[in-house]
Amino acid sequence: MNLEKLEVEKLGIEEIKSGIGQGFFSANELIVETYKKIKSEDRKVSAFISLTEDEAIRRAKEIDKLKNYPSMAGVPVVVKDNILIKDTKTTAASRILEYFRAPYNATVIKKMEKAGAIVVGKGNMDEFAMGGSTENSAFFPTKNPLDLSKVPGGSSGGPAAAVAAGMVPVALGSDTGGSIRQPASFCGVVGFKPSYGRVSRHGLMAMSSSLDQIGPFARSVKDARVVFDVIKGSDPKDATSLEIEEKESKKKSFRLGIPKEYFVEGVEDEVVSEVRKVIRKIEKKGIEVEKVSLPHTEYALACYQIIMSCEVSANMARYDGIRYGLEVERPEAESIEETYLKNRGLFGDEVKRRIILGTFALSSGYYEAYYMRAEKVRELIRRDFEEVFEKVDAIVTPTSPILPFNIGEKIEDPLAMYLADMLTVPANLAGLPAISIPCKNEGLPVGLQVMGERFEDENLLTIAEEIEKII
Ligand code: GLN
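Quick summary incoming for the structure in this document. (Residues numbered from 1 in each chain as written. Predicted model: local features only at pLDDT ≥ 70, side-chain atom pairs only at ≥ 80, totals over all residues. Heavy atoms only, no water.)

## Notes on the overall build of the chain
No. 1: Of regular secondary structure, the chain possesses 15 helices and eleven strands.
No. 2: In terms of overall dimensions, the chain has C-alpha extents of about 65 × 55 × 45 Å along its principal axes.
No. 3: Taking all 471 residues of the chain together, the buried fraction comes to 59%.
No. 4: Counting only contacts in the chain whose residues sit at least 6 apart along the sequence, the fraction spanning at least 24 positions is 76%.
No. 5: Summed over its atoms, the accessible surface of the chain is roughly 19200 Å², and 51% of this surface lies on carbon and sulfur atoms.
No. 6: The chain carries 64 positive and 72 negative side-chain charges, and their two centres are separated by 3 Å. (Helix = DSSP H or I, 4+ residues; strand = E, 2+ residues; numbered from the N terminus. Buried < 20%, exposed > 50% of the residue type's maximum accessible area, 1.4 Å probe, protein only. Contact = heavy atoms within 4.5 Å. Areas by Shrake-Rupley, 256 points an atom, 1.4 Å probe, with all protein chains shown as cover. Lys, Arg positive; Asp, Glu negative; His and termini not counted. Charge placed at Lys NZ, Arg CZ, Asp CG, Glu CD.)

## Observations regarding the side chain of N428
No. 1: Checked against the element boundaries, N428 lands in helix α14 (residues 425-430).
No. 2: With residues near it in sequence (within four places) discarded, N428 still touches D175, T176, G177, G178, R181, K193, L211 and R378.

## Section: the site of the ligand
No. 1: Lining the immediate environment of the ligand, one finds 13 residues, of which T176, G177, S179, Y304 and R354 sit closest.
No. 2: In the model, an oxygen atom of the ligand is placed 2.7 Å from a nitrogen or oxygen of the G177 main chain.
No. 3: Y304 places a polar side-chain atom, nitrogen or oxygen, 2.6 Å from an oxygen atom of the ligand.
No. 4: Within the complex, the protein chains bury 99% of what would otherwise be the 290 Å² of accessible surface of the ligand.
No. 5: According to the grid-proximity analysis, the pocket containing the ligand is the largest cavity.
No. 6: In terms of residue class, the shell around the ligand is built from three nonpolar, seven polar and three charged. (Near = heavy atom within 4 Å. Polar contact = N/O pair within 3.5 Å; in protein donor to acceptor, adjacent residues only side chain to side chain. 1 Å grid on protein atoms, 1.4 Å probe; cavity = no way out; pocket = protein on both sides within 12 Å on 5 of 7 lines; lining within 4 Å. Sits in = over half its atoms within 2 Å of the grid points. Nonpolar A, V, L, I, M, F, W, Y, C, P; charged D, E, K, R; others polar.)

## Looking at the packing of aromatic side chains
No. 1: For the structure shown, the criterion picks out nine aromatic pairs.
No. 2: Arranged with centres 4.7 Å apart and planes meeting at 35°, the rings of F360 and Y366 form a pair that is tilted.
No. 3: Look at Y367 and Y371: their rings are 5.8 Å apart centre to centre, the planes differ by 20°, and that puts the pair in the stacked class.
No. 4: Using a relative accessible area of 14% as the deciding quantity, one classes Y371 as buried.
No. 5: A connected cluster of aromatic rings, assembled from ring pairs, spans F128, Y319 and F347.
No. 6: Between the NZ or CZ atom of R276 and the centre of the ring of F263, over which it lies, the distance is 4.5 Å. (Phe/Tyr/Trp six-rings, centres within 6.5 Å; stacked < 30°, edge-to-face > 60°. Lys NZ or Arg CZ within 6 Å of the ring centre and 35° of its normal.)

## Things to note about the pairing of strand β4 (residues 170-175)
No. 1: Burial within β4 is extensive, with six of its six residues counted as buried.
No. 2: One ladder, built from three bridges, connects strand β2 (residues 76-80) with β4; its direction is parallel. Residue pairing across strands places V78 opposite A171, the latter belonging to β4.
No. 3: Two elements, β4 and strand β6 (residues 213-218), share six bridges in a ladder whose sense is antiparallel. Across the sheet, A171 pairs through a bridge with F217, a residue of β6. (Pairing = 2+ DSSP bridges.)

## Considerations on empty space enclosed by the protein
No. 1: Taken as a whole and assessed by the stated rule, the structure comprises three cavities of 30 Å³ or more.
No. 2: Empty space within the largest cavity amounts to approximately 90 Å³.
No. 3: Its residues assigned to classes, the lining of the largest cavity shows three nonpolar, eight polar and two charged. (Points joined across faces, edges and corners; volume = space filled by probe spheres on them.)

## Considering a nonpolar patch on the surface
No. 1: Judged by side-chain polarity, I322, I336 and Y340 come together as a nonpolar surface patch covering roughly 270 Å² of accessible area.
No. 2: Among the secondary structure elements, Y340 is positioned in helix α10 (residues 336-344).
No. 3: Overall, Y340 belongs to the partly exposed group, its relative accessible area being 37%. (Patch = residues over 30% accessible without salt bridge, like charges linked within 9 Å, V, L, I, M, F, W, Y side chains within 5 Å. Salt bridge = Lys/Arg side-chain N within 4 Å of Asp/Glu carboxyl O.)

## With respect to the side chain of T52
No. 1: Within the secondary structure, T52 is located in the loop between β1 (48-51) and α3 (53-65).
No. 2: Every residue in contact with T52, bar those within four places of it in the chain, is listed here: Y35, T88, V119, V120 and G121.

## Here we look at helix α11 (residues 349-361)
No. 1: Between the first and last C-alpha of α11 there are 18 Å, a value that for 13 residues agrees with the 18 Å anticipated at 1.5 Å per step.
No. 2: Those residues of α11 lying buried are E350, V351, R354, I355, G358 and A361. Axial view of α11: buried residues confined to an arc of 135°, hence all on one face. The exposed set on the far side of α11, more than 90 degrees from its buried face, consists of D349 and I356.
No. 3: Tucked inside the fold, the buried residues of α11 contact α9 (300-315), α10, α12 (368-388) and α13 (414-419). (Expected span 1.5 Å × (residues − 1). Arc of directions from axis to C-beta.)

## So, the sheet that holds strand β10 (residues 434-438)
No. 1: Sheet architecture is open: eleven strands sit in the order β1-β3-β2-β4-β6-β5-β10-β11-β9-β7-β8, paired in mixed fashion. Two strands in the sheet have a free side with no partner beyond their single neighbour: β1 and β8 (288-292). Neighbour-to-neighbour, the strand axes of this sheet turn through a mean angle of 25°, independent of strand direction.
No. 2: In this sheet, β8 lies alongside strand β7 (residues 255-259) in parallel orientation, the contact comprising five bridges. Paired with L256 across the bridge in β8 is V289. (Axes fitted to C-alpha atoms, helices over the stretch in contact; angles between N-to-C directions.)

Dropping the structure here:
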C-alpha cells in the first residue's frame, strides 16, 4: 500500500503506526483527513451522534510530539454513545440523557488513550442498547453504508457503519445479546465480543449487567486483536473483571464444531448457503469439522428475554431525572411524583416495554417462576457448550439468521426484531467470546460467527484469523 497517499478508508492500525513512524503523514494530518471523510460520508450514513473534533486535533498534536509511539498511536476511533468520555456528551441515544456530560472516563477509554488512540466522535445506537437496527435511537436512524435503504443492525449500528463506510479503522461497541456481532454482520466488518469478564465494564451504561460486554469493530481480525489487547484486563472498578494469563501455545491446528440447532427454520436460505460454502472451503484446507449438538439452544432466546428485561428494569431505575436527568430544559414539575413521571416519560417505547416486562417478571410471586427458572435454563445452556468444547476448539455458525432488512420493515413488530437475536444470545448467556467475520459473498453481507471457550479469547482470535485467510 502506498502510505504517502493518505487514503483513510484503507488504513489499518499497522499502516497508521508505520505511516506516522516513518514520517509519511502526521497524526494531525490523519485526523484532519478523517474529519473530511466523516463529513462527506456521514451526511448519507448518520453514524455519529456527536463529533469531538477540537479534542481530537489537540490529542493528535500531542501524539505528534511523542518520541515512542504506543500500539494505537494516532488511530481514529468511534465510541458507542453508552461509553463514558469525561466532559463529553454521552446520551445512550436517549432523550433522557440528551444534555448529559460524563463526569469521568470509562476504563476502556483510559486504556485506549494511553495506547495513543484518538476518539473522533460518539456513535449512534438503539436507545440504551435495546434493539437490533439502530432505529430505536431517539435522534435519528443510521443507514447501512453498503445499501442506504437497509438498517446497519444494532444496537451498535453507528460504530459498525462508521467502520464499514471507511470513516475510521476501528470502533468500540457493547454487546449484551449480539449488539457488536450483528451490526458487524450487517455492515460487512469484523465485530468481537470478548468473554464476560475480560474487559472492564466500568463506565459503560449498564443494560443487563450479567450479559453486557465491551468489544471492538475492525476491518480485520488482526486489528480487532490489537484493540482487545489494549482494553482487556482486570479493573478494581469492575468486580467481574479478571486478569487471564495468556497461554503460551497458540494452537495452529484446531477442530471446529457445527451445531445443527443453528441451521434451523427461521434462518434464511441465503445465510445458510453462504455459511455452508465457507465451511466447505475450511474443510478443503484440511481443517477438521464435525457436527455437534447444543440441545438447549431453542430456549436461549426466551431465557435471554427474561434475564435481560429483569436486569434492564433494575438498571433503568437510576434514570429518574434527578441524578442523571436533563441539565437544560428540565421539565417543570410540582412534586417529586410529577418529576418522575415527566422525566421517565422521555424513554422511548422499546425501553418502556422492557422496563414493564422486567418489572412484571420480578414482581412478588413471579420471581421464582421467571427469573430463577431462566437462570436454571442458562446453566443448561452453559453446560451444553462445556460438553461441546471437550471435543472441538471453536463453534462455527451464522451470526444473524437474516440479511440486513429495510429501514422501517420491522420497527412495528418487536417479536420479529427479537427473533433476529436467536443465534447471538447464547454466547452472552454462557459468557463466551464470539466474533463475526464477513463472508466474502456477493450481494448483502453475511457474517460468520465463531464462538470459543470462556476466557480463551486469544485462541479464538487465532482461529478466527486462520478462517479469515481461508474466506
Ligand atoms: N438486539 C438485542 C436486544 O435488543 C441485543 C442488544 C444488545 O446486545 N445490546 O436485546
